[in-house]
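So you can see what is in the structure, the chains are spelled out below.
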Amino acid sequence: MADAAQRLGPLLARREAEGLYRRRPLLESAPGARVVLDGVEYRNFASNDYLGLAAHPEPAAALAGGARSWGAGAGAAHLLGGHAGPHQALEAELAAFVGRERALVFSTGYMANLGVIEALAGRRDTVWEDRLNHASLIDGARLAGARLRRYAHADPADLARRRGDDTALVATDGVFSMDGDLAPLTELAEAAGKSWLMVDDAHGLGVVGPGGRGSVAAAGLGTAEVPVLVGTLGKAFGTFGAFVAGDEALIEAMVNTARTFIYTTALPPAVAEATRASLALIQGEEGERRRAHLDALIRRFRAGAAEAGLALMESPTPIQPLPAGEAETASAWADALGKRGFRVAAVRPPTVPPGTARLRVSLTADHTEAEIDELVAALAATRPAEVPA
Ligand SMILES: *Cc1c(COP(=O)(O)O)cnc(C)c1O
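Residues numbered from 1 in each chain as written. Predicted model: local features only at pLDDT ≥ 70, side-chain atom pairs only at ≥ 80, totals over all residues. Heavy atoms only, no water.

1. Side note on the packing of helix H2 (residues 57–70) against helix H11 (residues 269–283)
- Remark: H2 packs on H11, axes separated minimally by 7 Å, with the N-to-C direction vectors making an angle of 150°. Overall, the two elements H2 and H11 adopt an arrangement that is roughly antiparallel. Between H2 and H11 lies a crossing whose hand is right-handed. Touching Glu58, Pro59, Ala62, Leu63, Gly66, Ala67 and Trp70 of H2 are Pro269, Ala270, Val271, Glu273, Ala274, Ala277, Ser278 and Leu281, all from H11.
- Of the residues assigned to the contact of H2 with H11, the class counts are 11 nonpolar, 2 polar and 2 charged. (Axes fitted to C-alpha atoms, helices over the stretch in contact; angles between N-to-C directions. Helix = DSSP H or I, 4+ residues; strand = E, 2+ residues; numbered from the N terminus. Parallel < 35°, antiparallel > 145°, perpendicular 65-115°, else oblique. Left-handed = near helix turned anticlockwise from the far one by under 90°. Contact = heavy atoms within 4.5 Å. Nonpolar A, V, L, I, M, F, W, Y, C, P; charged D, E, K, R; others polar.)

Given below as structure tokens:
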């Protein structure tokens, strides 16, 4: 009989010794700029809810109304009777939002990336990816059995120099999830040549670009340059799920071959209704107002941090990382902030390369200017001696 403690104990002990042990804090409030975690109230600078829509009354009311009309679950996969009116309407609205012929809803961004890459690349193909791409893009290439190569972060020249004719697909985050910087999409589209260019804009959609239409729109590009666009709905949209957008043939191919679309239960239709309400907010005047406020907070944070002698990384987005070096240093800094009532994520290996741990400050439209000032003061007061100014 397998004894889990005996088999896995050494692995867990090693993680603990390396300062890499992961624990889940318990959320005891709705998500937002202030949260209660493990019984303590924090100002929350660790969420991806950039527009403050996760607990906004309109998507919540749409979820409740959707549940009354459609029940709690879809009851089946999309191809087997689970594809409901709200999914169909959401897909049409998302396609229009990103300016593509079609969109296809997946259950999560992780699954969308696995399914799309596996459908577009095979064992004889090479997939090139940015060194800092999200884990799900990496895992997609692995699942496809393709040869996975990594080019230097945000370096299209490195890609152009090293890629061969066997390149089926080039994949990149639009906004990098840990660094907050934008991928150089125009140059990547050139370097990708005739291979598929796939952009995962999980952190860009709703937030950056004209009308919040994301990093591809911000670069002035469309389907011709970026034929495969993936968006997730659990970040700025504040709900759950993901989609891939592109032309008719791409989407029909995904419906027919993407295994993570075919062999899984459809999203609850009520969740699709909630996302439709979020999308309406994002495209409306309130979305415009929330993005403008968020932009002002980003500028205020960067100016304040510079004045306080805090080193920042180059990022125009709500993701504002502060370099911390070793994992233990990042953890100690986050713990000290926590004692002052500020929740900031310490990002450590293996999420980022060894020696490049950081604090990942993430700002949302629900924060106030005063809260930004208080955060900057707390960051400066708790900065570990190992972190250079
Ligand atoms: C969060 C994230 C995903 C995964 O999306 P989920 O819907 O949470 O599974 C994929 N790609 C990137 C870049 C992400 O940040």
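Back to the write-up after that little detour.
2. Remarks on the site of the ligand
- Inspection of the region around the ligand gives 14 residues, with Gly109, Tyr110, Asp200, His203 and Lys235 positioned closest.
- For the ligand, a nitrogen atom lies 2.5 Å from a polar atom in the side chain of aspartate 200.
- For the ligand, whose free accessible area comes to 380 Å², the fraction covered by protein is 83%.
- Per-element tally for the shell around the ligand: the top contributor is helix H4 (residues 109–120), with 3 residues.
- In the shell around the ligand, the residues fall into 2 nonpolar, 9 polar and 3 charged. (Near = heavy atom within 4 Å. Polar contact = N/O pair within 3.5 Å; in protein donor to acceptor, adjacent residues only side chain to side chain. Areas by Shrake-Rupley, 256 points an atom, 1.4 Å probe, with all protein chains shown as cover.)

3. Some thoughts on the UniProt feature "modified residue: N6-(pyridoxal phosphate)lysine" (unreviewed entry) in the chain
- Taking the UniProt record as the reference, the feature "modified residue: N6-(pyridoxal phosphate)lysine" (unreviewed entry) is found at Lys235.
- Along the chain, the position of lysine 235 falls in the loop between strand E8 (228–232) and strand E9 (242–246).
- Setting aside residues up to four positions removed in sequence, lysine 235 forms contacts with Asn48, Asp49, Tyr50, Ala202 and His203. (UniProt positions renumbered as here; feature names shortened; annotations may be inferred.)

4. Let's talk about the sheet that holds strand E3 (residues 102–106)
- The strand order across the open sheet built from 7 strands is E3-E9-E8-E7-E6-E4-E5, with neighbouring strands paired in mixed fashion. Looking at strand neighbours, the two that pair on one side only are E3 and strand E5 (147–151), the edges of this open sheet. This sheet shows a mean twist of 20° between the axes of neighbouring strands, independent of strand direction.
- On the sheet, helix H3 (residues 85–98) packs against E3, E8 and E9 and is oriented at approximately 125° with respect to E3.
- Contacting E3, strand E7 (196–200), E8 and E9, helix H9 (residues 248–257) crosses the sheet at an angle of about 140° to E9. (Pairing = 2+ DSSP bridges.)

5. Brief notes about helix H1 (residues 4–17)
- Compared with the 20 Å implied by 1.5 Å per residue over 14 residues, the 19 Å span of H1 between its first and last C-alpha is a close match.
- For H1, the principal kink sits at proline 10 and spans about 30°.
- Two residues or fewer past H1, glycine 19 is found with a positive phi of approximately 70°. (Expected span 1.5 Å × (residues − 1). Bend = angle between axes of the 7 residues up to and from the residue.)

6. Remarks on the domain arrangement of the chain
- If you check the domain split of the chain, you get domain 1 (24–55 + 285–382) and domain 2 (77–283).
- At the interface, 25 residues of domain 1 touch 22 residues of domain 2.
- Between domain 1 and domain 2, roughly 1,800 Å² of surface is buried when both sides are summed, and carbon and sulfur atoms account for 63% of that area.
- When the buried surface of domain 1 facing domain 2 is broken down by residue, Tyr50, Leu53 and Arg291 rank first, second and third, together holding 28% of it.
- Our count for the contact surface shared by domain 1 and domain 2 stands at 1 salt bridge.
- If you look at where domain 1 meets domain 2, you find 8 residue pairs in polar contact (both at pLDDT 80 or more).
- Elements that contribute at least two residues to the side of domain 1 that touches domain 2 include exactly helix H12 (285–307), strand E10 (319–325) and strand E13 (357–362).
- Looking at which element gives the most residues to the side of domain 1 that touches domain 2, the answer is H12, with 5 residues.
- Residue classes in the side of domain 1 that touches domain 2 are distributed as 13 nonpolar, 5 polar and 7 charged. (Domains from an automatic or database assignment. Buried area = accessible area lost by both parts, 1.4 Å probe. Salt bridge = Lys/Arg side-chain N within 4 Å of Asp/Glu carboxyl O.)

7. Regarding unusual backbone geometry
- In the segment running from proline 349 into proline 350, the intervening peptide bond is cis, with an omega of 10°.
- On the secondary structure map, proline 350 appears in the loop between strand E12 (345–347) and E13.
- Its identity as a non-glycine residue notwithstanding, aspartate 38 has a phi of 50°, on the positive side.
- When you line up the elements, aspartate 38 lands in the loop between strand E1 (34–37) and strand E2 (40–44).
- When its relative accessible area of 51% is taken as the criterion, aspartate 38 is described as exposed.
- Unusually for a residue other than glycine, alanine 154 sits at a positive phi of about 55°.
- Its place among the elements puts alanine 154 in the loop between E5 and helix H6 (156–162).
- For alanine 154, a relative accessible area of 27% gives the class partly exposed. (Buried < 20%, exposed > 50% of the residue type's maximum accessible area, 1.4 Å probe, protein only.)

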